[in-house]
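# Summary of structural features
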Amino acid sequence: MSDQLLADRTSLFDTSGIRKVFDLGAKLKDPINLSIGQPDFDVPEAARRAAIEAIESRKNSYALTQGAPVLREKLAAQVKRQYNHDDRELFVSSGTSGGLLLALMVLVNPGDEVIVFDPYFVMYDSLPALVGGKTIHVDTYPDFRIDLNRVADAITPRTKAIFFNSPANPTGVTADDETVRGLAELAAERNVVLISDEIYRTFAYDRPPVSPAKYNPRTLVVDGFSKTYGMTGWRLGFVHGPAEIVREMIKFQQYTFVCAPHPFQWAGAAAMDLDMSAYVNDYRRKRDMLLAGLADDYEIVKPEGAFYAFPKLPWGSGLEFVTAAIEKHQLLVIPGNVFSRADTHFRISYAADDRVIERGVEALRELARNRP
Ligand code: PMP
């Protein structure tokens, strides 16, 4: 196709580096796959049944844009119990991703700035440019803790928002209470919207994650069902925050996504009654198994949540290391520069079968000790 037909924004993005690893992996016969950014468990049976029941009872038409009452009211009641903010409005989005895009669509003017902590979830880096804004990176190496002074320095009159994600992708790091409070207060003082992506909230192994909404009622929380219930393909998320922002997001949803998938909203409502603690305990065990296996050979900041670890590369560039991992062991991990401007680390996902983690640990130990 002629370049003249395509909008300039198409040149802003390269194919996600994760996709490149997936494409390589697809050619391998028996890969050790530690690259996947989703749970390895399926949707629990009760939620699957609720989805089937919703489809069979003909809940297949559009839902209300702001969400089917069955789910929206249940979520709103939960959020009300949690925060009791007067001005907090909620809607159901097409995944957390849908919520993140709509947030930037209603907040960012051309030239406005959005602060992103590096390393970051890939979408945070690209979304500001998609709406004509600019990403401002704040480095969190080497311990992936947020330095509030650096954040304060990065805020300018053009700063509209800060993306915050705890537990975090790709590091698994969970921010401590003091940091969350400091960041929440800083955002309030400087009149910047703190967008808190809480999609990994359930996967917390050592202490419950704190939401900045606890300390700043104007926090915009973006959350979703994908990871908690293993339903990434069902595209279900929700957003709650200051009514004036959320109402605009609902308006934009009407003209873009229209609504989140209707039958799955019924299933999401059913899923909210499930106790996922056995799944979380199992992932804690997997995390401990991975950390113990790699302790002698890798520098790793202990991940307290999500299902990722982000070790330092033992040698070489990310591409060199990942290529050796694939060629020598059919091992799939993601080079850190997919999530960062630095090329010093790599991401492991331990949302995998125990045997796959064991094989991955063996391969990684061999790789650290023998540079090809
Ligand atoms: N936020 C983060 C931090 C994620 O890791 C992901 C999924 N990889 C998403 C959002 C997107 O989730 P969803 O499936 O709800 O769109």
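Now for a quick tour of the structure.

Here is what the cut-offs are and how they apply
- Residues numbered from 1 in each chain as written.
- Predicted model: local features only at pLDDT ≥ 70, side-chain atom pairs only at ≥ 80, totals over all residues.
- Heavy atoms only, no water.
- Near = heavy atom within 4 Å.
- Polar contact = N/O pair within 3.5 Å; in protein donor to acceptor, adjacent residues only side chain to side chain.
- Areas by Shrake-Rupley, 256 points an atom, 1.4 Å probe, with all protein chains shown as cover.
- Axes fitted to C-alpha atoms, helices over the stretch in contact; angles between N-to-C directions.
- Helix = DSSP H or I, 4+ residues; strand = E, 2+ residues; numbered from the N terminus.
- Parallel < 35°, antiparallel > 145°, perpendicular 65-115°, else oblique.
- Left-handed = near helix turned anticlockwise from the far one by under 90°.
- Contact = heavy atoms within 4.5 Å.
- Nonpolar A, V, L, I, M, F, W, Y, C, P; charged D, E, K, R; others polar.
- Phe/Tyr/Trp six-rings, centres within 6.5 Å; stacked < 30°, edge-to-face > 60°.
- Lys NZ or Arg CZ within 6 Å of the ring centre and 35° of its normal.
- Core = buried A, V, L, I, M, F, W, Y, C linked by side-chain atoms within 4.5 Å.
- Buried < 20%, exposed > 50% of the residue type's maximum accessible area, 1.4 Å probe, protein only.
- Domains from an automatic or database assignment.
- Patch = residues over 30% accessible without salt bridge, like charges linked within 9 Å, V, L, I, M, F, W, Y side chains within 5 Å.
- Salt bridge = Lys/Arg side-chain N within 4 Å of Asp/Glu carboxyl O.
- Pairing = 2+ DSSP bridges.
- Right-handed = clockwise from strand over helix to strand, strands pointing away.

## Observations concerning the site of the ligand
Taken together, 13 residues lie around the ligand, and Ser97, Asp197, Tyr200, Ser226 and Arg235 are the ones closest in. Contacts to the ligand include Ser97, whose side-chain N or O atom sits 2.5 Å from an oxygen atom. The contact in question runs from an oxygen atom of the ligand to an N or O atom on the side chain of Arg235, over 2.6 Å. Surface burial for the ligand is 91%, taken as the share of its 410 Å² of free accessible area covered by protein chains.

## Side note on the packing of helix H10 (residues 277–294) against helix H12 (residues 354–369)
Helix-helix packing: each pair is described by the crossing angle between the helix axes and the interaxial distance. For the pair H10 and H12, the least separation of the axes is 9 Å and the interaxial angle reads 20°. Taken as axis vectors, H10 and H12 run roughly parallel relative to one another. Of the two possible hands of crossing, H10 and H12 adopt the one that is right-handed. Contact residues: H10 offers Arg285, Lys286, Met289, Leu290, Gly293 and Leu294, while H12 offers Asp354, Ile357, Glu358, Val361, Leu364 and Arg365. Of the residues belonging to the contact of H10 with H12, the class tally is 6 nonpolar, 1 polar and 5 charged.

## Describing the packing of aromatic side chains
Within the structure shown, the criterion is met by 19 aromatic pairs. Aromatic ring contacts, followed pair by pair, group Phe41, Tyr200, Phe203, Tyr279, Tyr283, Phe307 and Tyr308 into a single cluster. The ring of Trp266 carries Lys59 above its face, with NZ or CZ at 4.5 Å from the centroid. The aromatic ring of Tyr83 is capped on one face by Arg88, whose charged end is 5.7 Å from the ring centroid.

## Thoughts on the nonpolar core
Core analysis: the biggest nonpolar cluster contains 63 residues, and Phe225, Phe307, Phe321, Leu331, Leu364 and Leu367 have the highest contact counts within it. Two domains each donate at least three residues to this core, and these are domain 1 (3–43 + 276–369) and domain 2 (59–271). If you look at the next biggest cluster of nonpolar residues, it comprises 24 residues, including Leu102, Ala103, Leu107 and Val193.

## So, a nonpolar patch on the surface
Among the surface-exposed residues, Leu12, Phe13 and Leu130 lie close enough to one another that they form a single nonpolar patch of about 230 Å² accessible area. With respect to the element layout, Leu130 can be found in helix H5 (residues 122–130).

## A look at the pairing of strand S5 (residues 159–165)
Buried residues dominate S5, accounting for 6 of its 7 residues. Sheet analysis places strand S3 (residues 113–118) next to S5, joined by 4 bridges and oriented parallel. Each residue of the ladder has a partner; that of Ile115, found in S5, is Ile162. Taken together, the 5 bridges between S5 and strand S6 (residues 193–197) define a ladder with parallel strand orientation. Residue pairing across strands places Phe164 opposite Ser196, the latter belonging to S6. Considered for its hand, the β-α-β crossover made up of S5, helix H7 (residues 177–189) and S6 is right-handed.

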